[in-house]
Amino acid sequence: MPYKYPIQRWYIAATNSEKIEGLAREMGLSSLLATILINRGIDTPELAKTYIDPEADTLPSPLGEFPDLEKSVNLLVKAIARGDKIAICGDYDADGMTSTSLLLRALRHLGARVNHAIPSRMKEGYGINQRIVEEFAESGVGLILTVDNGISAHEPIALAIELGLKVIITDHHDLPPILPNASAILNPKLLTPNSLYQGLAGVGVAYILAVTTAQKMGKLQGLTESLLSLFTLGTIADLAPLIGVNRRWLKRGLRKLPKSQLVGIQSLMQIAGISEEQKQLQPDDIGFKLGPRINAIGRIGDPQIVIELLTTDDAGIALERAMQCEQINRTRQELCEKIEEEAIKLVEETPILWQKDRVLVLVEKDWHHGVIGIVASRLVERYGVPVFIGTYEEEDAGKIRGSARGIEEFHVFEALQFCQDLLGKFGGHKMAGGFSLPTANLLAFKQRLSQFSHKILQIEQLKPLIKVDTILDFKQINLQLFQQIDSLQPWGIGNELPVFWTPNVRVVEQKTIGKNHLKLLLAQRDDTRIKALAWRWGEYCPLPTRLDIAYKLKENTWNGNTTIEIELVGVRLPQENDNIKKAIFMHADKMYQCSFWVDLNEIRIKNEQGDILVVQKGQRIGLLGKNRQQAREVNVTEPRFYTLIKVAIKALAI
């Protein structure tokens, strides 16, 4: 059997030495940092200054950017002054929950009479609906605020206006061809493409509305830091792009988050096991530990838990809600692991011919639709193919609800549009989407997606893509280098953590740890050694003893000692050049090395004794020996050679 390891395609960023040296000289940076910046499109001193210190740039007032912001503020100020009831319609995802909490806190601080509602994920699905509007109207609400939803809710908004209610839509999703007839609309998609506010999530739009209203009323004091904490948490949890004001405010917010005045955030940090030492040493990491715990509630829990956690000032209630978040997050992790395991078994044992279809479609009963999106992302990481995964509705087996995740060359929303006559509701963007369809349409849906994928994708693109910044020597890896890179935080969508690569590394030690992780000790040429971890790679143990590796740098603090380790994201057999493919395999309990020389159309197989079998593809006669001068001709159709060549071809994937 061949060694099993992730089959990936690597994209190593091209280097422009002149541009790198110029930026490094101008900004006083190392060549490595200049390379990282240039790979992210930060290729001029002006852009670099803003990237490194976002606060240094003058930020235009949001009042000049959002056409309806002043109107929205005036509507809120009047409603508060008159004592009108204000109602927030949120959403059950992390962005919607933090947005709702942020506006509840802000409006209560400003003296508003305010309540909220969130639709049922299981029974109603996303966004404001007729039931919510009617209940608001019956309870005497005068002004509705939507957060993280509403931009496509024409009928519920029209009903609210008809019933005499004012409606302010705050949303960040893509615009429909015709906008709802609301009193005011705040959406960054309505701004100019180069606006610094363009990448805001729903919580960012809510933050701007809250802060601007508080400024107008002269009541911002005592409110700013708590709102910034919620903006930070929501932006991270929603995986919003870390560009423009998101980067500026998040960089500030992450520094302040460890000392947040909100008892809910402090309780969440306590339950998550974040120590006082970690708060001091790793403030940028804390938000990324809390985000999944918030997200888990939106996926499989009751959103009211998070809203109470983030709006209460009672330490006892906060701790109780934080404990619920922790427990539900553990359940979410268990669900994800179980469904992922079942999905992989389904793919590999059925088997499902996803390479032939150029898309992977999986539908099973009893999969929780709140977590299948996470599983879809993991399957994309594993197979490098667009994934559409669904489950049957609990109350209606005739209906399927699903999530989709894409790859670099594929557009999920366009694929769903291509299938729209087969679907019920659907939505999304380039990399992700959601959909529903009648069970009777499943086969046609699979065929249509395959048809779309064949137009878009080539077979060689169906491998996980590893984007690499630059080569790194183990001798360069130290705490100083890590701190230089860490100064470019925060990392995330639009500002990904740098990935480095080192060629021809030796695996000194390797073992599985935890449930399915791989811990390694790696060495380079002169035996410079470094510890490494590969998440969810336990099945690949043992890896070949020589590898090119792609990785991220990680800081590990234990008992007051800080060391730098690496997190593997990719491996491949050492590459001499693109003309040679290499593999290692086991056959009849013996290990063989093999290579395919593309230009020569030649396969070479080497055994443990150093004997090499050389044959051109399609030929009956090959050579066998320590080298070509001493080699003898052999008939490769003989069973012992023929079987060996077949296994080698499979290992080389040629």
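The structure this text deals with has already been given above.
Residues numbered from 1 in each chain as written. Predicted model: local features only at pLDDT ≥ 70, side-chain atom pairs only at ≥ 80, totals over all residues. Heavy atoms only, no water.

Draft legend 1. Up close: the layout of surface pockets. Size it by volume and the second largest pocket reaches roughly 500 Å³. Forming the boundary of the second largest pocket are 25 residues, of which Lys582, Gln593, Cys594, Ser595 and Lys606 lie nearest the centre. Elements supplying a minimum of two residues to the lining of the second largest pocket: strand 19 (580-587), strand 20 (590-597), strand 21 (602-606), strand 22 (612-616) and strand 23 (621-625). Considering each element in turn, the lining of the second largest pocket owes the most residues, five residues, to strand 20. Within the lining of the second largest pocket, the residues separate by chemical class into 14 nonpolar, five polar and six charged. (1 Å grid on protein atoms, 1.4 Å probe; cavity = no way out; pocket = protein on both sides within 12 Å on 5 of 7 lines; lining within 4 Å. Points joined across faces, edges and corners; volume = space filled by probe spheres on them. Helix = DSSP H or I, 4+ residues; strand = E, 2+ residues; numbered from the N terminus. Nonpolar A, V, L, I, M, F, W, Y, C, P; charged D, E, K, R; others polar.)

Draft legend 2. The arrangement of empty space enclosed by the protein in detail. Considering all chains together, one arrives at one cavity of 30 Å³ or more under this definition. In this structure, the largest cavity spans a volume of roughly 30 Å³. Counted by class, the lining of the largest cavity contains no nonpolar, three polar and three charged residues.

Draft legend 3. Summary view of helix 4 (residues 69-82). Compared with an ideal rise of 1.5 Å per residue, which puts 14 residues at 20 Å, helix 4 spans 20 Å between its outermost C-alpha atoms and is within 8% of the ideal. Listing the buried residues of helix 4 in full gives Leu69, Ser72, Val73, Leu75, Leu76, Ala79 and Ile80. With its buried residues spanning 160° around the axis, helix 4 presents them on a single face. Exposed and facing more than 90 degrees away from the buried side of helix 4 are Lys78, Ala81 and Arg82. If you follow the buried residues of helix 4, they end up packed against strand 2 (85-89), helix 5 (94-109), strand 4 (141-147), strand 5 (166-170), strand 6 (184-186) and helix 8 (202-217). (Expected span 1.5 Å × (residues − 1). Buried < 20%, exposed > 50% of the residue type's maximum accessible area, 1.4 Å probe, protein only. Arc of directions from axis to C-beta. Contact = heavy atoms within 4.5 Å.)

Draft legend 4. Up close: helix 10 (residues 244-256). The end-to-end C-alpha distance of helix 10 is 19 Å, a good match for the 18 Å that 13 residues give at a rise of 1.5 Å each. Along helix 10, the positions that sit buried rather than exposed are Val245, Asn246, Arg247, Arg248, Trp249, Leu250, Lys251, Gly253 and Leu254.

Draft legend 5. Focus on unusual backbone geometry. Cis geometry marks the peptide bond from threonine 350 to proline 351, where omega comes out at -15°. As for its position among the elements, proline 351 is in the loop between helix 15 (315-349) and helix 16 (354-357). Omega for the peptide link from glutamine 489 to proline 490 comes to 0°, which places this bond in the cis form. Here proline 490 is to be found in the loop between helix 20 (479-486) and strand 14 (500-513). Of note, the phi angle at arginine 358 is positive, near 65°, even though the residue is not glycine. Tracing the backbone through its elements, the reader meets arginine 358 in the loop between helix 16 and strand 7 (360-364). The phi angle at aspartate 366 is positive, at roughly 70°, despite the residue not being glycine. When you line up the elements, aspartate 366 lands in the loop between strand 7 and helix 17 (372-383).

Draft legend 6. Focus on the packing of helix 1 (residues 17-27) against helix 3 (residues 45-52). At a minimum axis separation of 10 Å, helix 1 and helix 3 run at an interaxial angle of 60°. Taken together, helix 1 and helix 3 sit at an angle that is classed as oblique. Taken as a pair, helix 1 and helix 3 cross one another with a handedness that is right-handed. For the pair formed by helix 1 and helix 3, the contact residues are Leu23, Glu26 and Met27 on the first element and Pro45, Ala48, Lys49 and Ile52 on the second. (Axes fitted to C-alpha atoms, helices over the stretch in contact; angles between N-to-C directions. Parallel < 35°, antiparallel > 145°, perpendicular 65-115°, else oblique. Left-handed = near helix turned anticlockwise from the far one by under 90°.)

Draft legend 7. Spotlight on the packing of aromatic side chains. Evaluated as defined, the whole model comprises 17 aromatic pairs. Seen from their ring centres, phenylalanine 418 and phenylalanine 452 are 5.5 Å apart, and the 50° between their planes marks the pair as tilted. Taken together, the positions of phenylalanine 418 in helix 18 (residues 412-418) and phenylalanine 452 in helix 19 (residues 442-456) put the pair 34 residues apart, joining distant regions of the chain. Residue classification places phenylalanine 418 among the partly exposed residues on the basis of a relative accessible area of 26%. An aromatic cluster is built from Phe388, Phe410, Phe418, Phe435, Phe445 and Phe452, whose rings are joined through pairwise contacts. Over the aromatic face of tyrosine 51 sits the side chain of arginine 247, whose NZ or CZ is 3.9 Å from the ring centroid. Sitting above the plane of the tryptophan 501 ring, arginine 572 keeps its charged end 5.3 Å from the centroid. (Phe/Tyr/Trp six-rings, centres within 6.5 Å; stacked < 30°, edge-to-face > 60°. Lys NZ or Arg CZ within 6 Å of the ring centre and 35° of its normal.)

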